[in-house]
Each structure stands twice: as structure tokens, then as C-alpha cells.
Amino acid sequence: MKLAPLALATLTSVSLSLLPSFASAHKAGDFILRTGAATVDPSEDSGSVFVGGSDTGMEVGADSNTQLGLTFTYMLADHWGIGLLAATPFEHTLSLKKSVLGLGDGTLADMKHLPPTVTLQYFFNKPANAFQPYVGAGINYTTFFDEEFSSTRKNQGFSSLDLDDSWGWAAEVGVDYQINDKWVVNGTLWYLDIDTTAEFRFGGSKSKVDVDIDPWVYMLGVGYKF
């Protein structure tokens, strides 16, 4: 009968040795690189389009886009890290809504943007737990480029499109699931405060519209801890 406890202890030891090791929650000095599919989903909220100083009542919206996302975290302490969101350029189609003057709703222009975001992250760091949840808050800078009206809109008299760069706040929630001490599966959700003014010319008149892009950004990927 005395062999039973010994056999149980031996079996338990062997079983535990076969499980992935989660000996190290994220700790000070760790560098975590993650990559995956990142989707920017704009709120599509804008003010009215002004042409020559007059409110036309027209509005502008933007569609969603998915690109390769990259995130980096450097652990300043066992629970605190600095995070960076980067990606390949996001491409969006701007649409004209509630149009007047016989312009018709639909595609207005195409543009690209990059929204690098820096956050201060807090990791709950539960030792020996595969799930490592975290939250963060920080600053977003978004730069716009390659803005161009569609050929149809150019024929209607639209030209010289330019979107102002944007500074705003950012917030995130995420979780790393540790496959082992080095590899993680990650899911993260950000909210970015991105507000821009689109300036252009229509029929020779200076025109503009304020656009609150304010997107939710979703990313699912894998990561490696150095």
C-alpha cells in the first residue's frame, strides 16, 4: 500500500513535466515582438462639407481595411511596459454621403495612413498562468498620404485633396496566451482618437470637411519573447 503514494507522486511529476512551462510571466527587461492581421474599422463620423464657406450638408465616410500589424512591448518592470503599434500602410476609400448638386453618393477618394501608437501598459502577470492580460493608454500620431479623388469626382470638379495629420489619445486591452516561455498567441483591441480636416477644391472654390475617423483597431497574431 505504501507504493501507491509513491506511484501517484511519480505519475504527477511525469505529467507536469509534459506540460508547457509558464515559469516566467512577463518580467522586467523582456522584449515581446508580435505580428498578425490588424483591422482598422473607422467610426465614419464627419461634419458637413463646406464649399466656399457654405455648408452643403454633405458628409464623408471611410471603409475598413486590414493590413499586417506589428506590436512591440518592452517591460520596464514586472507589471509595466511600453508598447508600440505599427503596421503596413492602411488603405481606405472615402465615400460621399447625403450629396447634393446631382453629385451622387458613393466613392469619393482613396487615401493611405499610418497610425503609430505608443502606450504605457499594465500587465496583471499571474505567475504560472498561461493567460497574461493587460491594459494600456497613450498617444497616437496618424499621418495621411497618397490622397486622390476618383476619376469620376475629378470630372465633377474635385481636386487638390489633402488630409491633415492627427494627434490623439489611445487606449488598449489585450491578452497574451503563453504557449511556452518564448511563444505567445495575442489578441488586442485599441481605440484611437483620430480627427482630421480634409481640404480640397471643388469647382475652383476652397472646400473642407472635418472627419472623425476614431477607429477601433483589432489584431490577432503570434509573438516571441526575447
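Relevant structure appears above.
No experiment lies behind these values; they were computed from the predicted model shown.

**Notes on a nonpolar patch on the surface**
- Taken together, the side chains of Phe 31, Tyr 74, Leu 76, Trp 80, Ile 82, Leu 84, Val 118, Leu 120 and Phe 226 present a nonpolar region at the surface, about 820 Å² in accessible area.
- Counting residues per element, the ones that place at least two in the nonpolar patch are β7 (80–87) and β10 (117–123).
- Top contributing element to the nonpolar patch by residue count: β7, with three residues.
- For Phe 226, the location among the structural elements is in the segment after β17 (216–225).

**Quick word on the pairing of strand β14 (residues 183–192)**
- Burial of the side chains of β14 is restricted to one face: Val 184, Asn 186, Thr 188, Trp 190 and Leu 192 are buried, whereas none of Trp 183, Val 185, Gly 187, Leu 189 and Tyr 191 on the reverse face is.
- Judged from the nine bridges that link them, strand β13 (residues 166–178) and β14 form a sheet pairing that is antiparallel. Within β14, the residue paired with Val 175 across the bridge is Gly 187.
- Hairpin connection between β13 and β14: a loop of four residues separates the two successive antiparallel strands.
- Pairing of β14 with β17, which is carried by nine bridges, proceeds in the antiparallel orientation. For Trp 183, the partnering residue across the bridge sits in β17 and is Tyr 224.

**Focus: the pattern of salt bridges**
- All chains considered together, the criterion is met by five salt bridges.
- Lys 27 is the partner of Asp 30 in a salt bridge, and the nearest nitrogen-oxygen pair spans 3.7 Å.
- Given a relative accessible area of 7%, Asp 30 falls into the buried group.
- As a salt-bridge pair, Glu 148 and Lys 154 come within 2.7 Å of each other at their nearest N and O atoms.
- With a relative accessible area of 45%, Glu 148 lands in the partly exposed category.

**Concerning the pairing of strand β15 (residues 195–202)**
- Taken together, the four bridges between strand β12 (residues 158–163) and β15 define a ladder with antiparallel strand orientation. Bridging from a neighbouring strand, Ser 159 pairs with Arg 201 of β15.
- With eight bridges joining them, β15 and strand β16 (residues 205–212) adopt antiparallel strand pairing. Counterpart to Thr 196 in the pairing with β16 is Val 211.
- Joining the antiparallel neighbours β15 and β16 is a turn of two residues, in which Gly 203 adopts a positive phi near 60 degrees.

Reading the values: the criteria
- Residues numbered from 1 in each chain as written.
- Predicted model: local features only at pLDDT ≥ 70, side-chain atom pairs only at ≥ 80, totals over all residues.
- Heavy atoms only, no water.
- Patch = residues over 30% accessible without salt bridge, like charges linked within 9 Å, V, L, I, M, F, W, Y side chains within 5 Å.
- Areas by Shrake-Rupley, 256 points an atom, 1.4 Å probe, with all protein chains shown as cover.
- Salt bridge = Lys/Arg side-chain N within 4 Å of Asp/Glu carboxyl O.
- Helix = DSSP H or I, 4+ residues; strand = E, 2+ residues; numbered from the N terminus.
- Buried < 20%, exposed > 50% of the residue type's maximum accessible area, 1.4 Å probe, protein only.
- Pairing = 2+ DSSP bridges.

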